Amino acid sequence: MDVTAAVFREPGQPLTIETLQLAGPGPGEVLVKVVASGICHSDLHVVNGEWSSPAPLVLGHEGAGIVDAVGDGVTTVSPGDHVVLSWMPYCRRCHYCLAGRPNLCALVESTAYNSVMLDGTTRLSQDGEPVYSYLATASFANWAVVPETAAIRIRDDAPLDKVSLVGCAVATGIGAVANTARVRMGSSVLVVGCGGVGLSTISGAVIAGAGQVIAVDINDSNLERARALGATHTLNSRTEDVLAALPGITGSAGVDYAFEAIGLPTTIELAYDALAPGGTAVVVGQVAEGKKITIDPFVMSDREKTLTGSNYGSCRPPVDFPKIVDLYMNDRLPLDSLIERTIDIGEINKAFDAMVRGETARSIIIHQH
Ligand SMILES: NC(=O)c1ccc[n+]([C@@H]2O[C@H](COP(=O)([O-])OP(=O)(O)OC[C@H]3O[C@@H](n4cnc5c(N)ncnc54)[C@H](O)[C@@H]3O)[C@@H](O)[C@H]2O)c1
Ligand SMILES: [Zn+2]
Ligand SMILES: [Zn+2]
């Protein structure tokens, strides 16, 4: 079938809207009519060349849609089911999958992270030439064939445009708090960076019962959004010294938990330096290839600080996504506040420009069919 997609051909160039061909679902695969797709900074890392990638490529990894057809052997979804797309298709067989940590599936390096399906090939093509699918998801196309473990069934009454965000920003942010750090009630939480991922981290901290949620950004409008979501304090790090301000807010040397949701070495170091003794810093933001950080290992041992990472919020998508959708549907998670605008696929480059300017919460593409 023909599909309409935003195609990445080389770094630094705008995506082009093109017609591609999509093969039907193979064994263990699912054809999804993609209703909506958010735009995440992890797409931008590829567009701006901070991360290398095969090309031509269809980006997009934060989608939701309706199952149209299933390949042989698929048992967890059927045509008509509503699904959130997961960008971590997992094999169900490796050590990590069996240990209940599918977000670390051993197969992902050679499959989704290479923008190919679990059998190493692509379903998208143009005039017979393969076109790659970012994270085996490719939600910047109006139809997608994904591995079965990337199509996570959710309840039918959830609005697909809104819950598309569960597929990346929301699962990542809430999961980093609930699954990776397991934030305790009453703790102080610092969130550095208030884009889609950071704002979701703030929501996660509020749900976890954090005593103080301190939001840091360089953009006042993002800080306003953070406050609306429940941040108790906001600091603009362009004009304020975050480390100097923290003792006055927490009454101790720093915070119990710090989450970095940007992907810059300096802000990862800031998150770590902001910890009170015994605190935990979680790296959620992802840096450009090759970047390194500097921390003081004496302070790490002496003050028992923990520095850890979080991939996809340490989520198990079939377990966590339906729960997160329930939180939204039960008015426990103000997901609508993460959305800046809905757009047509033709406006995608403008949405990336807005993200580069740091002006935006999420832009969501509504696909036409
Ligand atoms: N670990 C994971 O599984 C995972 C999943 C999704 C995204 N990510 C990563 O998380 C990061 C954030 O993604 P996003 O989509 O929310 O990005 P975004 O561009 O929407 O948000 C980034 C925010 O950081 C702010 N910012 C930029 N520079 C800053 C600075 N020096 N100091 C303070 N604030 C600053 C911006 O104003 C913006 O609000 C990216 O690196 C992305 O690749 C990681
Ligand atoms: Zn993402
Ligand atoms: Zn696996």
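The present account deals with the structure reproduced in this document. (Residues numbered from 1 in each chain as written. Chains lettered and ligands numbered in written order. Predicted model: local features only at pLDDT ≥ 70, side-chain atom pairs only at ≥ 80, totals over all residues. Heavy atoms only, no water.)

1. Remarks on the packing of helix α4 (residues 169–181) against helix α10 (residues 317–329)
Alright, step 1. In the contact formed by α4 and α10, the axes pass within 11 Å of each other and the chain directions differ by 105°. Here α4 is positioned roughly perpendicular relative to α10, judged by the angle of their axes. In this structure, α4 contributes V170, A171, I174 and N179 to the contact, and α10 contributes D320, F321 and I324.
Alright, step 2. Grouping the amino acids of the contact of α4 with α10 by side-chain chemistry returns five nonpolar, one polar and one charged. (Axes fitted to C-alpha atoms, helices over the stretch in contact; angles between N-to-C directions. Helix = DSSP H or I, 4+ residues; strand = E, 2+ residues; numbered from the N terminus. Parallel < 35°, antiparallel > 145°, perpendicular 65-115°, else oblique. Contact = heavy atoms within 4.5 Å. Nonpolar A, V, L, I, M, F, W, Y, C, P; charged D, E, K, R; others polar.)

2. Examining the site of ligand 1
Alright, step 1. Taken together, 31 residues form the shell around ligand 1, and within it H41, D217, N222, I262 and Y312 come nearest.
Alright, step 2. One of the backbone nitrogen or oxygen atoms of G195 is found 3.3 Å away from an oxygen atom of ligand 1.
Alright, step 3. Here V197 contributes a backbone N or O atom positioned 2.9 Å from an oxygen atom of ligand 1.
Alright, step 4. For ligand 1, the protein covers 92% of the area, taking 860 Å² as the surface of the free molecule.
Alright, step 5. If you list the elements that add at least two residues to the shell around ligand 1, you get α1 (41–47) and α5 (196–207).
Alright, step 6. Among the elements that take part in the shell around ligand 1, α1 stands out by supplying three residues, more than any other. (Near = heavy atom within 4 Å. Polar contact = N/O pair within 3.5 Å; in protein donor to acceptor, adjacent residues only side chain to side chain. Areas by Shrake-Rupley, 256 points an atom, 1.4 Å probe, with all protein chains shown as cover.)

3. Here we look at the side chain of T280
Alright, step 1. Within the secondary structure, T280 sits in strand β15 (residues 275–283).
Alright, step 2. T280 sits in the buried class, given a relative accessible area of 16%.
Alright, step 3. Contact partners of T280, with chain neighbours within four places excluded, come to D256, Y257, A258, L275, T306 and T308. (Buried < 20%, exposed > 50% of the residue type's maximum accessible area, 1.4 Å probe, protein only.)

4. Concerning the coordination of the zinc ion (ligand 2)
Alright, step 1. Within the protein, C40 (SG), H61 (NE2) and C168 (SG) serve as the donor atoms for the zinc ion (ligand 2), at 2.0 to 2.3 Å.
Alright, step 2. Binding-site remark: the zinc ion (ligand 2) is held by donors from one chain whose sequence spacing is C-x20-H-x106-C. A residue pair is termed long-range when its members are at least 10 positions apart, and C40 in the loop between β3 (29–38) and α1 and C168 in the loop between α3 (160–163) and α4 qualify at 128 residues. (Donors = N, O, S within 2.8 Å, 3.2 Å for Na, K, Ca; no water.)

5. Quick notes on the pairing of strand β13 (residues 233–236)
Alright, step 1. With four bridges joining them, strand β12 (residues 212–217) and β13 adopt parallel strand pairing. Paired with I214 across the bridge in β13 is H233. (Pairing = 2+ DSSP bridges.)

6. Observations regarding the pattern of salt bridges
Alright, step 1. Tallied over the full model, the rule gives 10 salt bridges.
Alright, step 2. A salt bridge links D81 to R153; its shortest N-O distance comes to 3.5 Å. In this pair, D81 sits in the loop between β5 (63–70) and β6 (82–85) while R153 sits in strand β10 (residues 151–154), placing the two residues 72 residues apart along the sequence.
Alright, step 3. Taking the relative accessible area as the measure of exposure, D81 reaches 9% and is therefore buried.
Alright, step 4. One salt bridge connects D326 with R155, and the closest N-O pair in it is separated by 2.7 Å. One end of the pair, D326, is in helix α10; the other, R155, is in the loop between β10 and α3, and 171 residues separate them in sequence. (Salt bridge = Lys/Arg side-chain N within 4 Å of Asp/Glu carboxyl O.)

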